[in-house]
Amino acid sequence: MANNVKQRDYKSTLNLPRTEFSMKAQLPRREPEQLERWEAMGLYEKILEARRGSPAFVLHDGPPYANGNIHLGTALNKILKDFIVKAKTMEGLFCPYVPGWDCHGLPIELKVEEAMRKEKGAEGALSAPSGDRRLEARRRCREHAERFIRVQRDEFKRLGVFGAWEKPYLTMDPDYQASIVEQFAHFYLNGNVYRGRRPVYWCASCATALAEAEVEYDDHTSPSVYVAFPLKKFFKTELVERSASVLIWTTTPWTLPANLAIAFHPELRYAVVRAAKGGEENLYILYEGLVESVRAACGWDGVEVLETFEGKEAEGGACRHPFMESDSLLVLADYVTTEQGTGCVHTAPGHGLEDFVTGQKYGLEPYAPLDDRGVFLEGPWKGMNVFDANAPICARLREDGFLLAQSDLSHSYPHCWRCKRPIVFRSTPQWFISMQHDGLREKALEAVAKTTWIPPWGEERMHNTVRERPDWCISRQRAWGVPIPVFYCAGCEEPYATKETLARIAEIFREEGADSWYRREGAHFLPRGAACPKCGHKQFRREEDILDVWFDSGASSLTVLEAHPDLHWPADVYLEGTDQYRGWFNSSLMVALRARGEAPYRTVVTHGFTVDEQGHKMSKSLGNVIAPQEVEEKYGAEILRLWVAMTDYRSDMAVSHAMLGRCAESYRKIRNTCRYLLGNLFDYEQGCAGEELEPLDRWALTRLGEFEKTMCRAYAAYEFHRVYHLLVNFCSVDLSAQYFDILKDRLYCSSANAPERRSAQHALHLIGASLARLMAPILPFTAEEVWQNLPAKEGREESVHLAKFKSFGLERDEKFRARWDNLFRLRDDALKALELARAQKAVGNSLTAKVALTWDGAPPDWVREAENFLPSLFIVSQVENGSNENPAPREPAHQSENFPGLSVRVLPAEGEKCARCWMHSPSVGGDSEHPDACARCAGVLGELGA
């Protein structure tokens with residue numbers, strides 16, 4: 001091109017991208033707008049109608065608690081459920097999602113109690129209310145729950161979660177309360193339910209029994225004490241005469257007033273030792289393997305083992321209690337351990353489950369002299385809280401010479417998950433479901449083995465939980481819940497409930513709600529002439545305790561799945577956090593087994609908890625809490641959903657603002673990929689499918705086919721972290737870094753209707769249609785935006801969420817794929833050579849370069865067949881392909897790491913730069929009308945009349 005030729009501006013002649021799909025997502029603003037559109041069009045109902053008649057898939061929603069705004073863990077749980085429901089819907093299944101709320105229970109009750117106390121100055125406003133006060137409390141609890149159901153519903157919808165939000169299930173609805181009574185009846189009439197006195201978890205602060213799932217473990221500092229119990233009776237009478245003592249160790253001195261026994265292991269060998277300290281010598285009995293550790297703990301100057309005996313020989317002996325007017329029986333127990341202590345275990349049957357079992361064996365009373373607030377009712381420390389009593393008890397033992405050692409021990413101790421205070425084991429009269437009666441435990445273990453657990457270790461964990469769980473304590477001493485539908489005979493206190501009374505109570509609850517139990521007279525629930533079968537008395541009083549709220553939620557599979565016309569029983573999948581092995585998974589299993597004889601779920605998926613980047617539990621005191629509302633306001637719900645997808649939910653899930661920022665960056669890559677794709681379809685017309693595909697477009701669609709299969713497999717396996725990585729990798733590597741990069745020249749510079757451009761658009765349209773579907777479960781807002789901006793809308797679903805997963809890609813042709821794998825490896829070599837040349841300032845932009853390939857021998861056939869395409873592949877102006885038989889250029893060569901014997905050199909491109917496509921070509925200047933354009937661009941300009 002002559003130097004005096006003035007270059008023209010050809011930008012308007014290029015097919016540059018045009019789209020309303022903006023680079024800036026503005027998710028915090030646009031997502032609410034999209035939600036309004038979906039609601040206005042009744043999208044969820046349309047999805048159900050579109051899939052009605054297809055095979056059904058049911059994910060049963062474990063009900064969150066209706067108290068307070070949702071937190072990150074709650075959002076995580078709901079988003080994971082939404083991933084599954086949306087993915088199964090896209091598979092073509094009928095997937096109704098009925099959300100629910102757990103409405104009864106202590107957290108709400110405590111909130112209302114606090115408010116009532118402030119208003120009325122009443123102590124214990126709800127722990128034992130009666131009459132109108134109880135009804136008022138229950139009304140306010142219901143209003144509190146209703147308020148937060150509305151709050152949480154809107155917060156879940158803001159996350160993009162689809163479901164029957166206007167018709168959820170609520171455990172406080174009359175129909176649900178009636179069903180709870182019916183499920184209780186299955187247990188009661190089968191003989192599984194009994195009333196007994198045995199130790200249970202007891203929160204003195206909340207004044208109620210707790211379920212296992214309502215207990216969490218945290219650090220607690222307790223006094224660690226070694227206490228001597230003087231022998232009173234023993235098979236070696238001379239030891240009694242010599243004032244020997246049995247030495248026990250405990251971290252709960254407050255339970256010593258309730259000590260009734262000391263347990264020995266029958267197979268361990270015990271030692272009688274003479275211990276010297278401060279010039280005094282005493283005889284003690286303890287496990288021989290712990291003599292040295294006890295010597296160190298007690299600070300003995302010296303110790304001598306005098307003799308040994310087997311633990312079983314101690315049975316039947318007795319010790320004198322250090323400060324109570326009772327004896328301590330010497331008993332045998334297999335659970336005695338040798339890791340710490342003395343091997344002689346302090347046993348208080350009223351304050352420990354193993355202690356209780358041992359006490360039952362030996363006829364010992366489950367003595368627990370405490371009131372509901374953990375205050376001693378009798379004895380030397382009457383009126384004192386148990387934890388406050390530790391110090392004076394230890395002082396008394398020290399003063400009387402029975403305390404051999406004391407120190408502080410920090411250890412894991414059970415706490416109430418609601419008030420966060422340490423709890424006690426306390427023997428009180430409670431209602432229980434027997435795990436042994438009618439083989440309930442064995443049936444549960446069989447059902448666990450038949451269920452699919454994700455992750456697989458969930459089976460062992462659930463198996464162990466079921467195997468080890470004690471009888472289920474189902475009574476609670478509170479007001480806000482479903483009352484235990486049992487009466488007591490006023491004459492003999494015998495519990496009274498029959499098939500007829502339970503059915504009538506359920507019927508009344510269905511009509512009037514559970515408040516009727518407190519509003520109606522007791523006779524209203526009993527048949528005329530009801531009499532105690534034991535003593536014939538006809539006067540009865542009602543049970544005041546309520547049912548454990550885990551029974552409420554455990555009944556949900558039967559209450560919801562069997563009653564709802566669109567659902568089926570059992571559920572296909574349950575998904576909750578790992579804490580639910582002791583909670584909802586467990587209670588649901590027990591209720592379903594008694595009512596239907598099988599598990600309520602086919603598959604159980606569990607997720608971990610949210611932690612910060614250092615693995616610390618999130619808490620306000622640490623300042624590491626991230627609220628979902630905060631994420632939505634800053635980034636949008638899509639970024640929160642993408643974080644959920646990115647993180648492997650099968651273990652604890654770390655989150656921080658830095659991690660969310662990285663998610664936002666990944667989102668930008670996905671969005672920019674979609675924008676490029678849509679921008680190059682601005683003039684796409686339906687009907688181009690018959691065009692002959694260019695080889696690169698065929699490669700792209702082959703790669704799409706592989707991507708579709710792996711994505712669908714990941715969704716089916718509930719491996720959403722794989723979905724995330726597959727999606728990001730496909731967008732940023734396969735499309736953006738490879739396909740789109742090579743495609744630009746063909747899309748921008750070819751004539752609009754050139755077959756090679758229409759081939760590319762056809763491939764892009766198929767990729768877009770597939771990509772929108774495949775990312776819809778994870779990124780529902782963005783997928784919808786892509787869908788609405790895709791051209792050729794005729795005959796397409798109104799929303800991407802009405803569409804199905806569909807294969808748009810090509811089947812893998814191994815020979816074709818192998819050829820393109822080689823071409824991309826060759827491209828890697830060319831790019832490395834170009835990078836080296838730029839570093840040496842031999843070339844600038846890659847279009848100013850020519851790449852020379854020199855093979856050791858003849859070039860492979862797959863290279864020769866692609867020679868015309870190599871410049872586009874390498875994004876250079878020219879490519880030479882030859883063997884080393886030709887004279888070698890003097891420029892430095894890059895030696896291929898992929899193909900031995902190949903040298904890649906970068907040379908200046910021949911010819912002038914085309915003002916339109918910027919390629920260098922000897923043809924520039926050959927057209928008099930367009931002397932600054934190459935031959936290809938001159939032809940296009942001629943078509944345009946430019």
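Residues numbered from 1 in each chain as written. Predicted model: local features only at pLDDT ≥ 70, side-chain atom pairs only at ≥ 80, totals over all residues. Heavy atoms only, no water.

**Examining the overall build of the protein chain**
- Tallying secondary structure elements over the protein chain gives 28 helices and 33 strands in all.
- Whereas a compact globule of 946 residues would reach a radius of gyration of roughly 30 Å, the protein chain reaches 38 Å, over 25% beyond that.
- Judged by the C-alpha coordinates and their principal axes, the protein chain covers about 125 × 75 × 50 Å.
- Across the protein chain, the fraction of contacts at a sequence separation of at least 24, relative to all contacts at a separation of at least 6, is 77%.
- Surface accessibility of the protein chain: about 39,500 Å² in total, with carbon and sulfur atoms responsible for 48%.
- Of the charged side chains in the protein chain, 115 are positive and 133 negative; the average position of the first set lies 3 Å away from that of the second. (Helix = DSSP H or I, 4+ residues; strand = E, 2+ residues; numbered from the N terminus. Rg over C-alpha atoms; globule rule 2.2 N^0.38 Å. Contact = heavy atoms within 4.5 Å. Areas by Shrake-Rupley, 256 points an atom, 1.4 Å probe, with all protein chains shown as cover. Lys, Arg positive; Asp, Glu negative; His and termini not counted. Charge placed at Lys NZ, Arg CZ, Asp CG, Glu CD.)

**Quick look at the packing of aromatic side chains**
- Under the defined criterion, the tally for this structure stands at 48 aromatic pairs.
- Ring centres of Phe816 and Trp820 lie 6.3 Å apart, and the angle between their planes is 45°; this geometry places the pair in the tilted category. Of this pair, Phe816 and Trp820 both sit in helix 25 (residues 814-839), four residues apart, which is roughly one turn of that helix.
- For Phe816, a relative accessible area of 7% puts it in the buried group. (Phe/Tyr/Trp six-rings, centres within 6.5 Å; stacked < 30°, edge-to-face > 60°. Buried < 20%, exposed > 50% of the residue type's maximum accessible area, 1.4 Å probe, protein only.)

**Details of the packing of helix 12 (residues 457-468) against helix 17 (residues 584-596)**
- Relative to each other, helix 12 and helix 17 sit at 65°, their axes nearing to 11 Å. Of the two elements, helix 12 crosses helix 17, and the hand of that crossing is right-handed. Here Met462, Thr465 and Val466 of helix 12 lie close against helix 17, whose contacting residues are Phe585, Asn586, Leu589 and Met590. (Axes fitted to C-alpha atoms, helices over the stretch in contact; angles between N-to-C directions. Left-handed = near helix turned anticlockwise from the far one by under 90°.)

**A short note on the nonpolar core**
- Trp643, Tyr739, Leu826, Leu853 and Phe874 are the most contacted members of the largest nonpolar core, which totals 165 residues.
- Ranked by residue count, the leading element in this core is helix 22 (residues 720-749), at 15 residues.
- Setting aside anything within four residues of it in sequence, one finds Leu853 in contact with Leu826, Leu870, Phe874, Val879, Glu880, Asn881, Gly882, Leu902, Ser903 and Val904.
- Formed by 74 residues, the second largest nonpolar core is a distinct cluster that contains Met462, Val486, Ala514 and Tyr518. (Core = buried A, V, L, I, M, F, W, Y, C linked by side-chain atoms within 4.5 Å.)

**Notes on the side chain of Thr428**
- One can find Thr428 in strand 16 (residues 424-433).
- Non-local contacts of Thr428, meaning those with residues more than four positions away in its chain, are made with Gly196, Arg197, Arg198, Val200 and Trp202.

**Focus on the sheet that holds strand 20 (residues 487-489)**
- Read across the sheet, three strands follow the order 21-20-22 without closing on themselves; strand pairing throughout is antiparallel. The open sheet has two free edges, formed respectively by strand 21 (495-496) and strand 22 (540-542), since each of these has just one partner strand.
- Here strand 20 runs beside strand 21; their pairing, made up of two bridges, is antiparallel. From the neighbouring strand, Tyr488 faces strand 21, where its bridge partner is Pro495. (Pairing = 2+ DSSP bridges.)

**What about the environment of Thr221?**
- In this structure, Thr221 sits in strand 6 (residues 215-233).
- Taking the relative accessible area as the measure of exposure, Thr221 reaches 48% and is therefore partly exposed.
- Residues Thr221 and Glu446, 225 residues apart in the sequence, show an inter-C-alpha distance of 40 Å.
- Excluding anything up to four places from it in sequence, Thr221 contacts Asp408, Leu409 and Ser410.

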